[in-house]
Number of protein chains: 2
Amino acid sequence: MARNITTREKDYSQWYLDVIAAAEMADYSPVRGCMVIRPTGYALWEAIQRELDGRFKELGHQNCYFPLFIPESFFKKEAEHVEGFAPECAVVTHGGGERLEEPLCIRPTSETMIGHMWSQWVHSWRDLPVLNNQWANVVRWERRTRLFLRTSEFLWQEGHTAHETEAEAMEETMRMLEVYRSFAEDFLAIPVLVGEKTESERFAGAVKTFCIEGMMQDGKALQMGTSHFLGQNFARAFDIRFEGRDQKLQHAWTTSWGVSTRLIGAVIMVHSDDEGLILPPRMAPALAAVIPIFRNDDEKAKVLAFVEKTLAGLLGEDEVAASLTRFGNSQVQQLFYAQASGQSIVVDRRETMRPGEKHYFWEQRGLPLRIEVGPRDVDGGNLVVKSRLDGSKEVVPAAALTRGYLDAKLAGIQKAMYDRAKSFRDANTHACGSYREFSKFFEAGRGFLRCHFNPSSQAEAQIKTETKATVRLIPVGHTPAPGTDVFTGDPSTTEVVFAISY
Amino acid sequence: MARNITTREKDYSQWYLDVIAAAEMADYSPVRGCMVIRPTGYALWEAIQRELDGRFKELGHQNCYFPLFIPESFFKKEAEHVEGFAPECAVVTHGGGERLEEPLCIRPTSETMIGHMWSQWVHSWRDLPVLNNQWANVVRWERRTRLFLRTSEFLWQEGHTAHETEAEAMEETMRMLEVYRSFAEDFLAIPVLVGEKTESERFAGAVKTFCIEGMMQDGKALQMGTSHFLGQNFARAFDIRFEGRDQKLQHAWTTSWGVSTRLIGAVIMVHSDDEGLILPPRMAPALAAVIPIFRNDDEKAKVLAFVEKTLAGLLGEDEVAASLTRFGNSQVQQLFYAQASGQSIVVDRRETMRPGEKHYFWEQRGLPLRIEVGPRDVDGGNLVVKSRLDGSKEVVPAAALTRGYLDAKLAGIQKAMYDRAKSFRDANTHACGSYREFSKFFEAGRGFLRCHFNPSSQAEAQIKTETKATVRLIPVGHTPAPGTDVFTGDPSTTEVVFAISY
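Since this is a predicted model, take the numbers as computed values, not measurements. (Residues numbered from 1 in each chain as written. Chains lettered and ligands numbered in written order. Predicted model: local features only at pLDDT ≥ 70, side-chain atom pairs only at ≥ 80, totals over all residues. Heavy atoms only, no water.)

1. Considerations on the sheet that holds strand β17 (residues 343–348) of chain B
Residues and elements named next belong to chain B.
Then, number 1: In spatial order, the strands read β16-β17-β15-β18-β19-β20; together these six strands make up an open sheet with mixed pairing. The open sheet terminates on both sides in strands that have one partner only, identified here as β16 (332–338) and β20 (393–397). Taken over all neighbouring pairs, the strand axes of this sheet differ in orientation by 25 degrees on average, direction set aside.
Then, number 2: With four bridges connecting them, strand β18 (residues 369–373) and strand β19 (residues 382–387) associate as antiparallel partners. Each bridged residue has a counterpart across the sheet, and for I371 the counterpart in β19 is V385.
Then, number 3: Contacts from helix α11 (residues 355–364) reach β15 (286–292), β16, β17 and β18 within the one sheet, and its direction differs from that of β15 by about 175 degrees. (Pairing = 2+ DSSP bridges. Helix = DSSP H or I, 4+ residues; strand = E, 2+ residues; numbered from the N terminus. Axes fitted to C-alpha atoms, helices over the stretch in contact; angles between N-to-C directions. Contact = heavy atoms within 4.5 Å.)

Shown next, in the form of structure tokens:
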């Protein structure tokens, strides 16, 4: 079989692209910087959406949809915001064959449009809190793009909330940060650091920006989600005012928070190996690929009958019957394992591929389990269950292939993936006391460095120029002992995490 | 209570906008022709998405995502397509502060981009069929807009498929048309006519366009979904070729099909009344609003305890407990009735509104049922269940408020809504044999006219100018007796349906 994936050791960047190509997850489009998300990749976005959307709704957020187009003048109402986003805007100048009176930006983010609409909807404290979210495409013109990680158009969710008090808005900011942390760790099996951005990395227009950061297998950091406390900045710019319980007119306190299709890049870069994609079971659209092995029609009949009977025992005869008609003329049969999450088990009945090609096909697509059944397995009444993560094989009697068995197996894989990623991150996280050590570290390799540091835009800019490293975050919930600023040698009571980031 | 909805009789157009405003479903944005979909409206789109997406996936379609931007040159590759869509394009000329080399259209539909990508992915008959779908925003610059029905930006799904043979593509076209028909009738409770468009109403670039058409309460027709057989037109324009089973290189046969947020407009216009929105139970995000009635703290404790106990009996104690923490400081408590569909029952505990205001609030939002509980109801152990559709009230003992009771009640309402809409449509559908009668009919009123007619662009244009009516469709599965063309008097074996449309 031709080797179509470069090893991580040889070329990590190429490996990443090869994993995506081998799994047919995404492709570049003819428009520079815009990607096409193919079914294998999009199914991961659907898994992310389903899980996060449920979590948002449990907390009372309601989805809505604001327009793609934002008048250029809106951006100018918040000084820092326009400075941050104007250079990245795609601009519509013509519509319906005519030049527009005012050019329109394609939304890079929607604080301005939402602020404008809220100013018409929010009048009294009774109208608060407003807890909105939208799943949408946004555009930020990028010069250097990379599939999933940085593209001119990407898909994301942007939560926007407005509150009566500063304390409530701050609470919401931290609540959503925690939603992102637990989602990343429990669902994506990616351990993340949680903290606050320094001023120079803050969202344009925010008072405080918080984030979660993961470590990729090359030791680089990836910002995986942000939650912003916007204070009254946008409320002032867009006149979001309400009559308070004290009957005084006052500005609302707002937040915004988002994650994007970038998370798919994180999953690839944290978990996959030189054979291709590896998916954490909780997010995998398909949990197992059943591969029937046969050399002639007799064996085929025997093996397929055994597979059908085993799956009927596991999932019910109705589901097997439904799955056989589900895909019309397609030969990859899909059986739903869990209706709520849409997760399935596939049976690859294609006769245009050899079993070895099928192994390869599903391995590259990252399915947690592969289940092989050949004529001799049928004779023994067994199936062979192979783990994508560690390649271990287990011979399982058909009667033992139960939901209990599979659930436990999948939970074990989920935990092992998290543990493996955490061990890797911890092994590549170091404390650092001097700038000489700091420089040498980033010259030689990658990883997280925990250092005492007094955030300052100037120092951060110089460090970035010299080492490419930036402050990823100031950890929250951690009071460090006093120490010495790694760069200036000044006394410092702030500990930060430096890394080279995507 | 102030009357905020104009009656249908007085001004149907204003009534429609008032219903939307009263339910807070949508609002105009500051960008002309673009709407903001507010939570009440967006929840309906989510219900539509959930149901249709499941139906598409059952048939083997896979979701994916193609870029928002399409190079202008792509449109020019299919002659009819560019003629149809170029005048409606919004054009991006600048990105990242620079003028683009080639202007980009915001997608009005994605046949061109998808055709381009397929040409790179499809090589052999083994790669077919390709069954793709995307949920996305599209932009068609409109001069006259109307919330949900016609806006410059709207949300939709666009299915795109490629097949080995003409017969398979034609089969897919009709299969998806049937999906739309059954979805409209079973889920939205809207009876629709199913048929083919005449050449002058065909999708730009299609060989055949099929559609479903509903009748609104003003007797006008609304096109609610289309399914196009594209033949090899786009395959030729974008070079989608594959090696067939006969080892010859040949062009694929493609289809496309879509429905949009316009369906929300249809639901409003078919079902609602002068009191506001009425939702068919199967699509309603919330099925019932429980309104506790009390005048003092003692009554409040008594009524709320009874409500909680009754709901715990219906939905389980766990769900009641979860719902009480679900919304933080919000006083509208949401309990999930059906996890799969996300449908809920709400308890309006707000103390800033009187019971009468709450009745009004939920009535205007179209919830199928209202459940009132006052102190005297508690004494009798009863609840009062009121139907939004016909206003009928039923006194139900708490123990009888079961899933069985509610499911039957809701199914009855669903059926009654469909039957009512169908009776209305049938009563406003007439046969017509002469153009004099035809002209008088559309002068005086609205409705569907079934006539013999030999489709011709010229005749259709003249009829439209004279009467505003157009051929909505040529019914499928119906072989009419020979007759006389209503316009020319020529012999005709084709029967069509004329109406004035949105």
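2. Considerations on unusual backbone geometry
Then, number 1: A cis amide bond links L128 of chain A to the next residue, P129 of chain A, at an omega of -5 degrees.
Then, number 2: Assignment of secondary structure puts P129 of chain A in the loop between α5 (111–121) and β7 (130–139).
Then, number 3: Despite not being glycine, A189 of chain B shows a phi value in the positive range, around 60 degrees.
Then, number 4: Position of A189 of chain B among the secondary structure elements: in the loop between α6 (166–187) and β9 (193–196).
Then, number 5: A relative accessible area of 0% places A189 of chain B in the buried class.
Then, number 6: You will see that Q247 of chain B, though not glycine, has its phi angle at about 65 degrees, which is positive.
Then, number 7: Along the chain, Q247 of chain B falls in the loop between β12 (241–243) and β13 (249–251).
Then, number 8: On the basis of relative accessible area, Q247 of chain B is assigned to the exposed category, the value being 62%. (Buried < 20%, exposed > 50% of the residue type's maximum accessible area, 1.4 Å probe, protein only.)

3. Let's talk about the packing of aromatic side chains
Then, number 1: This structure, assessed with the given rule, holds 38 aromatic pairs over all chains.
Then, number 2: A ring pair is formed by F453 of chain B and F498 of chain B, whose centres lie 5.1 Å apart and whose planes are at 70 degrees; its orientation type is edge-to-face. Of this pair, F453 of chain B sits in the loop between β22 (448–452) and α15 (457–467) while F498 of chain B sits in strand β26 (residues 495–499), and the two are 45 residues apart along the sequence. Grouping residues by exposure puts F453 of chain B and F498 of chain B together as buried.
Then, number 3: Aromatic ring contacts, followed pair by pair, group Y435, F438, F441, F442, F453, F487 and F498 of chain A into a single cluster.
Then, number 4: Across from the ring centre of F74 of chain A, 5.2 Å away, lies the NZ or CZ of K77 of chain A, which sits over that ring.
Then, number 5: We note R365 of chain B situated over the ring of F361 of chain B; from NZ or CZ to the ring centre the distance is 3.6 Å. (Phe/Tyr/Trp six-rings, centres within 6.5 Å; stacked < 30°, edge-to-face > 60°. Lys NZ or Arg CZ within 6 Å of the ring centre and 35° of its normal.)

4. Looking at the interface of chain A and chain B
Then, number 1: Contacts between the two partners involve 63 residues from chain A and, on the opposite side, 63 residues from chain B.
Then, number 2: Of the roughly 5,100 Å² buried between chain A and chain B on both sides combined, carbon and sulfur atoms contribute 61%.
Then, number 3: Applying the counting criterion to the chain A and chain B interface returns four salt bridges.
Then, number 4: We note a salt bridge from K57 of chain A to E46 of chain B, for which the minimum N-O separation is 2.9 Å.
Then, number 5: Taken together, chain A and chain B are joined by 24 residue pairs in polar contact (both at pLDDT 80 or more). (Buried area = accessible area lost by both parts, 1.4 Å probe. Salt bridge = Lys/Arg side-chain N within 4 Å of Asp/Glu carboxyl O. Polar contact = N/O pair within 3.5 Å; in protein donor to acceptor, adjacent residues only side chain to side chain.)

5. Comments concerning the packing of helix α1 (residues 12–22) of chain A against helix α8 (residues 262–271) of chain A
Residues and elements named next belong to chain A.
Then, number 1: Running from N to C, α1 and α8 cross one another at 115 degrees; their axes reach a closest spacing of 11 Å. Classified by the angle between their axes, α1 and α8 sit roughly perpendicular to one another. With respect to the hand of their crossing, α1 and α8 are arranged in right-handed fashion. For the pair α1 and α8, the contacting residues are Y12, W15, Y16, V19 and I20 in the first and G265, I268 and M269 in the second.
Then, number 2: Looking at side-chain class alone, the contact of α1 with α8 contains seven nonpolar, one polar and no charged residues. (Parallel < 35°, antiparallel > 145°, perpendicular 65-115°, else oblique. Left-handed = near helix turned anticlockwise from the far one by under 90°. Nonpolar A, V, L, I, M, F, W, Y, C, P; charged D, E, K, R; others polar.)

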